[in-house]
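Residues per chain are reported as follows:
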Amino acid sequence: MDELHDPEGQATPVWAIFSDLMAALVGILVLILVWVIGIQLELSQSLEQEKQRRLQEEQRRIALEQALADPLASGRVTFRDGRIGISGNVLFRLNSDQLQDEGEALLQTLVQPLQVYLAQHNELLMVSGFTDDLPVHRGNQRYEDNWGLSAQRALTVTRTLVAQGIPEERIFAAAFGPNDPAVPNLDEDSRARNRRVEISTVPRQDPPSPAVDASVDMKGVNDE
């Protein structure tokens, strides 16, 4: 009976409990430390990637601006935030999508520097058409709204640049209508500035590898 009530034989030593608690605490601290280090490394890599991306964008912008030095010097072409701006009044008459002789000649001055830039960078050219906020004239039967007018103007410039030597697989058109004005539409001068065509560069997606194409084809066969 004495053996059943022996306190020394049944009690767990305090130092053993304390040792287990300390081991668990150290383990938790190690896990937290590893997690913090992993987060710091991930943030450092993300910051470095963002830094490289911005550096590459700045280098491309500088390269394009240098290539366009002569057209920019004429004052009829602007370059802002990596976008080439051409006044719509130079390219087209009001509410028209027919390129004027002056506009065609101006586009010709852009072809050679754009060709040089495309040869050195794996990018595409996006030709964007913009209008002011006024509706198209009622007598204009070709377009229901500014979307149609800006789209056709962008297509006209795109086709002209292709005819002048820009590879057609490296250029496309986009329409913005009255959206994204360069300045607020307050008067005739500001509206004239908003009637414009811009040419900007966008990254070119590499075509999928043959292995990817084959896997897609096989998936389609299996689905059937």
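Anything mentioned here points back to the structure above.
Residues numbered from 1 in each chain as written. Predicted model: local features only at pLDDT ≥ 70, side-chain atom pairs only at ≥ 80, totals over all residues. Heavy atoms only, no water.

(A) A look at the pattern of salt bridges. Taken as a whole and assessed by the stated rule, the structure comprises 9 salt bridges. For Glu198, the salt bridge goes to Arg83, with nearest N and O atoms at 3.4 Å. You can see Glu198 sitting in strand E5 (residues 196-203) and its partner Arg83 sitting in strand E2 (residues 83-87), a full 115 residues away along the chain. A relative accessible area of 23% means that Arg83 is categorised as partly exposed. (Salt bridge = Lys/Arg side-chain N within 4 Å of Asp/Glu carboxyl O. Helix = DSSP H or I, 4+ residues; strand = E, 2+ residues; numbered from the N terminus. Buried < 20%, exposed > 50% of the residue type's maximum accessible area, 1.4 Å probe, protein only.)

(B) The sheet that holds E5, seen in detail. Taken in spatial order, the 5 strands make up an open sheet running E1-E2-E5-E3-E4, and their pairing is mixed. Looking along the sheet, the strands with just one partner apiece sit at the ends: strand E1 (77-80) and strand E4 (171-177). Ignoring strand direction, the axes of neighbouring strands in this sheet form an average angle of 25 degrees. Inspection of the sheet shows strand E3 (residues 123-130) paired to E5 by 8 bridges, in the antiparallel sense. (Pairing = 2+ DSSP bridges. Axes fitted to C-alpha atoms, helices over the stretch in contact; angles between N-to-C directions.)

(C) Local environment of the environment of Met126. Mapped onto the elements, Met126 comes out in strand E3. On the accessibility criterion, Met126 (19% relative accessible area) is buried. In sequence terms Met126 and Ala154 are 28 residues apart; their C-alpha atoms lie 9.2 Å from each other. Setting aside residues up to four positions removed in sequence, Met126 forms contacts with Phe172, Ala174, Glu198, Ile199, Ser200 and Val202. (Contact = heavy atoms within 4.5 Å.)

(D) Broad picture of a nonpolar patch on the surface. On the surface, Met22, Leu25, Ile28, Leu29, Ile32, Trp35, Val36, Ile39 and Leu43 cluster together into a nonpolar patch covering about 840 Å² of accessible area. Classification of Met22 as partly exposed rests on a relative accessible area of 36%. (Patch = residues over 30% accessible without salt bridge, like charges linked within 9 Å, V, L, I, M, F, W, Y side chains within 5 Å. Areas by Shrake-Rupley, 256 points an atom, 1.4 Å probe, with all protein chains shown as cover.)

(E) Region of the structure containing the side chain of Asp132. Considering the arrangement of structural elements, one finds Asp132 in the loop between E3 and helix H6 (146-164). A polar side-chain atom of Asp132 sits 3.0 Å from the main-chain amide nitrogen of Leu134. Polar contacts involving the side chain of Asp132 include one to the side chain of Arg195, which spans 2.7 Å. (Polar contact = N/O pair within 3.5 Å; in protein donor to acceptor, adjacent residues only side chain to side chain.)

(F) Main features of the packing of helix H5 (residues 101-120) against H6. Following both chains from N to C, one finds H5 and H6 inclined at 55 degrees, their axes separated by 10 Å at the closest point. With respect to each other, H5 and H6 are oriented oblique. The handedness of the crossing between H5 and H6 comes out as right-handed. Within the contact between the two elements, H5 uses Glu104, Leu107, Gln108 and Val111 and H6 uses Val157, Thr160, Leu161 and Gln164. (Parallel < 35°, antiparallel > 145°, perpendicular 65-115°, else oblique. Left-handed = near helix turned anticlockwise from the far one by under 90°.)

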